[in-house]
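Structural characterization, general
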Amino acid sequence: MLPVISVQTDRYKHEDYGWIDIPILRIERWEGSSGVAPHMAAADHDGGDSAKVIGDSKVVNGEMNDGIPPF
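My aim in this report is to walk through the structure given alongside it, one point at a time. (Residues numbered from 1 in each chain as written. Predicted model: local features only at pLDDT ≥ 70, side-chain atom pairs only at ≥ 80, totals over all residues. Heavy atoms only, no water.)

**Some details on the overall build of the protein chain**
Broken down by element type, the protein chain carries 0 helices and 4 strands. Secondary structure elements of the protein chain, listed N to C terminal, follow the sequence β-β-β-β. Within the span of the protein chain, comprising 71 residues, buried residues form 6% of the whole. Of the contacts made within the protein chain by residues no fewer than 6 positions apart, 29% connect residues no fewer than 24 positions apart. As presented, the protein chain carries roughly 6,700 Å² of accessible surface, and 55% of it is formed by carbon and sulfur atoms. (Helix = DSSP H or I, 4+ residues; strand = E, 2+ residues; numbered from the N terminus. Buried < 20%, exposed > 50% of the residue type's maximum accessible area, 1.4 Å probe, protein only. Contact = heavy atoms within 4.5 Å. Areas by Shrake-Rupley, 256 points an atom, 1.4 Å probe, with all protein chains shown as cover.)

See below:
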């Protein structure tokens, strides 16, 4: 079984830095371990090829452009 999650936020007050935002990964439900939700046909699953980038992409010409030198 694999979890289907939603990304949420919470925060806490740090005595030196003020309010600190933190991510919360909430488990919404569990799906079968095949990697495909049971209601999706195998032909509908594209392995993430249809995923969309929201915001600025850090990949340029197939390489990360994050300012961190490769090691």
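Now that the structure is up, let's keep going.
**Some thoughts on the packing of aromatic side chains**
By the definition in use, this model includes 0 aromatic pairs. Seen from the ring of W19, R11 lies directly overhead, with NZ or CZ sitting 4.3 Å from the centre. (Phe/Tyr/Trp six-rings, centres within 6.5 Å; stacked < 30°, edge-to-face > 60°. Lys NZ or Arg CZ within 6 Å of the ring centre and 35° of its normal.)

**Considering the pairing of strand β2 (residues 18-31)**
Look at any regular strand and the pattern is simple: side chains alternate between the two faces of the sheet. Where strand β1 (residues 2-14) lies against β2, 13 bridges are found, and the strand directions are antiparallel. By the bridge assignment for β2, L2 is matched with E31. Here β1 hands over to β2 after 3 residues, the two strands then running antiparallel side by side. (Pairing = 2+ DSSP bridges.)

**Quick word on the side chain of S6**
Within the secondary structure layout, S6 lies in strand β1. Given a relative accessible area of 19%, S6 falls into the buried group. Of the polar contacts made by the side chain of S6, one reaches the side chain of Q8; its length is 3.2 Å. Not counting the four nearest positions on each side in its chain, S6 is found in contact with I24, L25, R26 and E28. (Polar contact = N/O pair within 3.5 Å; in protein donor to acceptor, adjacent residues only side chain to side chain.)

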